[in-house]
Amino acid sequence: NAGVMQNPRHLVRRRGQEARLRCSPMKGHSHVYWYRQLPEEGLKFMVYLQKENIIDESGMPKERFSAEFPKEGPSILRIQQVVRGDSAAYFCASSPPSSSYNEQFFGPGTRLTVL
Amino acid sequence: KQEVTQIPAALSVPEGENLVLNCSFTDSAIYNLQWFRQDPGKGLTSLLLIQSSQREQTSGRLNASLDKSSGRSTLYIAASQPGDSATYLCAVLGVNQGGKLIFGQGTELSVKP
(Lines give C-alpha, C1' and ligand atoms only; values in the text may rest on other atoms or scores of the structure.)
Protein backbone atom coordinates (compact mmCIF):
# COMPACT_ATOMS: atom_id res chain seq x y z
CA ASN A 1 0.00 0.00 0.00
CA ALA A 2 1.78 3.11 -1.22
CA GLY A 3 1.87 6.09 1.07
CA VAL A 4 0.61 9.57 0.32
CA MET A 5 2.18 10.78 -2.89
CA GLN A 6 2.84 14.38 -3.82
CA ASN A 7 4.19 15.81 -7.01
CA PRO A 8 6.16 17.58 -7.98
CA ARG A 9 8.58 17.40 -5.08
CA HIS A 10 10.15 20.70 -6.08
CA LEU A 11 8.52 23.43 -8.11
CA VAL A 12 10.04 26.71 -9.28
CA ARG A 13 7.81 29.48 -10.56
CA ARG A 14 8.31 33.09 -11.49
CA ARG A 15 6.14 35.77 -9.95
CA GLY A 16 2.75 35.89 -11.64
CA GLN A 17 2.75 32.28 -12.82
CA GLU A 18 0.43 29.55 -11.62
CA ALA A 19 1.45 26.67 -9.39
CA ARG A 20 -0.40 23.34 -9.30
CA LEU A 21 0.43 20.91 -6.54
CA ARG A 22 -0.91 17.37 -6.63
CA CYS A 23 -1.67 14.92 -3.86
CA SER A 24 -2.70 11.28 -4.18
CA PRO A 25 -3.99 9.98 -0.86
CA MET A 26 -3.32 6.52 0.46
CA LYS A 27 -5.47 3.82 -1.07
CA GLY A 28 -8.89 3.78 0.53
CA HIS A 29 -8.50 7.22 2.12
CA SER A 30 -11.16 9.77 1.26
CA HIS A 31 -10.11 12.66 3.52
CA VAL A 32 -7.36 15.00 2.33
CA TYR A 33 -5.74 17.89 4.21
CA TRP A 34 -3.31 20.51 2.98
CA TYR A 35 -0.80 22.23 5.29
CA ARG A 36 1.78 24.91 4.58
CA GLN A 37 5.14 25.41 6.22
CA LEU A 38 6.60 28.84 5.62
CA PRO A 39 10.36 29.28 6.13
CA GLU A 40 11.25 29.24 9.84
CA GLU A 41 7.59 28.73 10.80
CA GLY A 42 5.46 25.82 11.93
CA LEU A 43 2.97 23.91 9.85
CA LYS A 44 -0.38 25.62 9.39
CA PHE A 45 -3.60 24.04 8.24
CA MET A 46 -4.96 25.28 4.93
CA VAL A 47 -7.89 23.16 3.77
CA TYR A 48 -9.73 19.89 4.46
CA LEU A 49 -11.47 18.10 1.62
CA GLN A 50 -13.46 14.98 1.04
CA LYS A 51 -14.30 13.66 -2.40
CA GLU A 52 -15.94 16.51 -4.34
CA ASN A 53 -16.45 18.57 -1.18
CA ILE A 54 -14.54 21.26 0.67
CA ILE A 55 -15.17 20.64 4.36
CA ASP A 56 -13.07 23.41 5.90
CA GLU A 57 -11.06 26.05 4.07
CA SER A 58 -10.55 28.36 7.03
CA GLY A 59 -6.78 28.31 6.61
CA MET A 60 -6.72 29.23 2.93
CA PRO A 61 -5.75 32.74 1.89
CA LYS A 62 -8.85 34.47 0.53
CA GLU A 63 -7.37 35.22 -2.87
CA ARG A 64 -5.37 33.27 -5.45
CA PHE A 65 -5.58 29.92 -3.62
CA SER A 66 -8.02 27.13 -4.41
CA ALA A 67 -8.24 23.41 -3.78
CA GLU A 68 -10.22 20.52 -5.14
CA PHE A 69 -10.53 16.79 -4.65
CA PRO A 70 -12.47 15.39 -7.61
CA LYS A 71 -14.29 12.09 -7.71
CA GLU A 72 -11.47 10.66 -9.79
CA GLY A 73 -7.83 11.66 -9.61
CA PRO A 74 -5.61 13.47 -7.15
CA SER A 75 -6.35 16.47 -4.98
CA ILE A 76 -5.03 19.69 -6.48
CA LEU A 77 -3.88 22.81 -4.65
CA ARG A 78 -3.76 25.68 -7.09
CA ILE A 79 -2.03 28.99 -6.53
CA GLN A 80 -2.64 31.67 -9.12
CA GLN A 81 -0.32 34.62 -9.75
CA VAL A 82 2.29 33.43 -7.29
CA VAL A 83 4.26 35.92 -5.21
CA ARG A 84 7.54 35.47 -3.35
CA GLY A 85 5.67 35.06 -0.08
CA ASP A 86 4.10 31.84 -1.41
CA SER A 87 7.51 30.14 -1.27
CA ALA A 88 7.04 27.35 1.24
CA ALA A 89 6.74 23.61 1.70
CA TYR A 90 3.21 22.35 1.07
CA PHE A 91 2.27 19.09 2.71
CA CYS A 92 -0.72 16.90 2.02
CA ALA A 93 -2.11 14.37 4.46
CA SER A 94 -4.86 11.78 4.17
CA SER A 95 -6.99 9.75 6.53
CA PRO A 96 -9.50 6.92 6.18
CA PRO A 97 -13.19 7.56 5.61
CA SER A 98 -14.53 6.26 8.89
CA SER A 99 -14.22 9.57 10.71
CA SER A 100 -12.30 12.81 10.71
CA TYR A 101 -10.37 12.03 13.86
CA ASN A 102 -8.21 9.24 12.60
CA GLU A 103 -4.47 9.47 12.25
CA GLN A 104 -3.35 11.61 9.35
CA PHE A 105 -0.60 10.26 7.11
CA PHE A 106 1.65 12.82 5.48
CA GLY A 107 3.21 12.97 2.06
CA PRO A 108 6.80 14.10 1.39
CA GLY A 109 5.73 17.64 0.52
CA THR A 110 6.16 19.96 -2.44
CA ARG A 111 8.71 22.71 -2.04
CA LEU A 112 7.62 25.76 -3.98
CA THR A 113 10.15 28.45 -4.80
CA VAL A 114 8.95 31.69 -6.36
CA LEU A 115 11.65 33.68 -8.13
CA LYS B 1 -9.01 28.34 20.06
CA GLN B 2 -6.46 25.57 20.39
CA GLU B 3 -2.85 26.64 20.79
CA VAL B 4 0.09 24.26 20.93
CA THR B 5 3.40 25.26 22.47
CA GLN B 6 6.67 23.34 22.48
CA ILE B 7 9.48 23.96 24.91
CA PRO B 8 12.39 24.28 24.46
CA ALA B 9 12.66 25.68 20.94
CA ALA B 10 16.14 24.21 20.62
CA LEU B 11 18.12 21.68 22.59
CA SER B 12 21.69 20.48 22.31
CA VAL B 13 22.85 17.42 24.25
CA PRO B 14 25.84 15.08 24.22
CA GLU B 15 25.36 11.62 22.81
CA GLY B 16 23.98 9.07 25.26
CA GLU B 17 21.89 11.46 27.32
CA ASN B 18 18.24 10.84 28.04
CA LEU B 19 16.08 13.83 27.19
CA VAL B 20 12.53 15.13 27.40
CA LEU B 21 10.70 17.33 24.92
CA ASN B 22 7.59 19.13 26.09
CA CYS B 23 4.33 19.98 24.38
CA SER B 24 1.40 21.85 25.91
CA PHE B 25 -2.04 22.58 24.51
CA THR B 26 -4.77 24.92 25.69
CA ASP B 27 -7.96 22.96 24.94
CA SER B 28 -8.05 19.56 26.61
CA ALA B 29 -10.92 18.30 24.41
CA ILE B 30 -8.79 16.32 22.02
CA TYR B 31 -9.09 13.13 19.97
CA ASN B 32 -5.39 12.43 19.79
CA LEU B 33 -1.90 13.87 19.90
CA GLN B 34 0.86 12.98 17.48
CA TRP B 35 4.63 13.40 17.61
CA PHE B 36 6.53 13.82 14.33
CA ARG B 37 10.14 14.07 13.33
CA GLN B 38 11.26 16.38 10.52
CA ASP B 39 14.76 16.38 9.07
CA PRO B 40 15.96 19.59 7.34
CA GLY B 41 14.27 20.04 3.99
CA LYS B 42 12.36 16.78 4.36
CA GLY B 43 8.84 15.63 5.11
CA LEU B 44 7.23 14.51 8.34
CA THR B 45 7.86 11.12 9.87
CA SER B 46 5.19 10.05 12.34
CA LEU B 47 6.77 8.76 15.55
CA LEU B 48 3.93 8.13 17.97
CA LEU B 49 0.21 8.76 18.15
CA ILE B 50 -1.59 8.80 21.50
CA GLN B 51 -5.36 8.57 21.56
CA SER B 52 -7.15 10.70 24.16
CA SER B 53 -8.00 7.60 26.19
CA GLN B 54 -4.34 6.56 26.45
CA ARG B 55 -1.67 7.73 28.87
CA GLU B 56 1.42 6.74 26.92
CA GLN B 57 2.85 5.06 23.86
CA THR B 58 6.25 3.51 23.36
CA SER B 59 8.31 2.73 20.28
CA GLY B 60 11.89 1.61 20.75
CA ARG B 61 13.82 4.35 22.57
CA LEU B 62 10.86 6.72 22.37
CA ASN B 63 8.13 7.10 24.94
CA ALA B 64 5.34 9.65 24.68
CA SER B 65 3.01 10.47 27.54
CA LEU B 66 -0.26 12.37 27.60
CA ASP B 67 -1.90 14.19 30.48
CA LYS B 68 -5.05 15.49 28.88
CA SER B 69 -6.41 17.24 31.96
CA SER B 70 -3.33 19.42 32.33
CA GLY B 71 -2.89 19.85 28.58
CA ARG B 72 0.58 18.35 28.41
CA SER B 73 2.53 15.72 26.53
CA THR B 74 6.16 14.74 26.77
CA LEU B 75 8.39 12.86 24.36
CA TYR B 76 11.14 10.98 26.14
CA ILE B 77 14.16 9.88 24.11
CA ALA B 78 16.45 7.40 25.81
CA ALA B 79 20.17 7.08 25.10
CA SER B 80 20.18 9.78 22.43
CA GLN B 81 22.26 9.32 19.27
CA PRO B 82 23.55 11.80 16.66
CA GLY B 83 21.01 10.31 14.24
CA ASP B 84 18.24 11.62 16.49
CA SER B 85 19.18 15.17 15.48
CA ALA B 86 16.10 16.69 13.84
CA THR B 87 13.15 18.92 14.58
CA TYR B 88 10.42 17.26 16.64
CA LEU B 89 6.86 18.44 16.15
CA CYS B 90 3.85 17.91 18.31
CA ALA B 91 0.36 18.10 16.74
CA VAL B 92 -3.05 17.98 18.36
CA LEU B 93 -6.35 16.90 16.81
CA GLY B 94 -9.04 18.54 18.88
CA VAL B 95 -12.74 17.88 19.18
CA ASN B 96 -13.46 21.49 18.26
CA GLN B 97 -11.01 21.66 15.36
CA GLY B 98 -13.07 20.09 12.62
CA GLY B 99 -10.45 17.55 11.60
CA LYS B 100 -7.41 19.82 11.29
CA LEU B 101 -4.18 19.24 13.17
CA ILE B 102 -2.75 22.12 15.16
CA PHE B 103 1.05 22.00 15.27
CA GLY B 104 3.53 23.37 17.74
CA GLN B 105 6.54 25.30 16.50
CA GLY B 106 8.83 22.36 17.10
CA THR B 107 11.94 21.61 19.13
CA GLU B 108 15.18 21.51 17.18
CA LEU B 109 17.33 18.78 18.69
CA SER B 110 21.05 18.45 18.16
CA VAL B 111 22.85 15.41 19.59
CA LYS B 112 26.62 15.90 19.64
CA PRO B 113 28.92 12.88 19.20
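This one's a predicted model, so the numbers in the text were calculated from it and none came from an experiment.

1. A few points about the interface of chain A and chain B
With 20 residues of chain A at the interface, the matching set in chain B holds 20 residues. Between chain A and chain B lies a buried interface of about 1500 Å² when both sides are counted; carbon and sulfur atoms form 54% of it. With a closest N to O distance of 2.8 Å, B:K100 and A:D56 form a salt bridge. With four residues, strand β5 (residues 43-50) of chain A is the single largest residue contributor to the side of chain A that touches chain B. For the side of chain A that touches chain B, the residue count by class is nine nonpolar, six polar and five charged.

2. Here's the deal with the state of the cysteines
One pass over the structure, following the stated rule, counts two disulfides over all chains. One disulfide bridge connects A:C23 with A:C92, the sulfur atoms lying 1.7 Å from each other. Around the S-S axis, the bridge from A:C23 to A:C92 shows a dihedral of about -50° and counts as left-handed. With A:C23 in strand β3 (residues 19-24) and A:C92 in strand β9 (residues 88-95), this residue pair connects regions lying 69 residues apart in the sequence. By relative accessible area, A:C23 is classed as buried at 0%. Here B:C23 is linked by a disulfide to B:C90, with a sulfur-sulfur distance of 1.9 Å. Taking the torsion about the S-S bond as the criterion, the B:C23 to B:C90 disulfide, at about -50°, is left-handed. Taken together, the positions of B:C23 in strand β3 (residues 19-25) and B:C90 in strand β9 (residues 86-94) put the pair 67 residues apart, joining distant regions of the chain. Residue class for B:C23 comes out buried when judged on its relative accessible area of 2%.

3. What to know about the environment of B:S65
All names here are of chain B. Among the secondary structure elements, S65 is positioned in strand β7 (residues 62-67). Under the relative-accessibility criterion, S65 is labelled partly exposed at 24%. Sequence separation between S65 and I50 is 15 residues; the distance between their C-alpha atoms is 7.8 Å. Within polar-contact distance, the side chain of S65 engages the side chain of T74 at 2.6 Å.

What counts and how
Residues numbered from 1 in each chain as written. Chains lettered and ligands numbered in written order. Predicted model: local features only at pLDDT ≥ 70, side-chain atom pairs only at ≥ 80, totals over all residues. Heavy atoms only, no water. Contact = heavy atoms within 4.5 Å. Buried area = accessible area lost by both parts, 1.4 Å probe. Salt bridge = Lys/Arg side-chain N within 4 Å of Asp/Glu carboxyl O. Helix = DSSP H or I, 4+ residues; strand = E, 2+ residues; numbered from the N terminus. Nonpolar A, V, L, I, M, F, W, Y, C, P; charged D, E, K, R; others polar. Disulfide = S-S within 2.5 Å. Buried < 20%, exposed > 50% of the residue type's maximum accessible area, 1.4 Å probe, protein only. Polar contact = N/O pair within 3.5 Å; in protein donor to acceptor, adjacent residues only side chain to side chain.

Geometry only, nothing functional implied.
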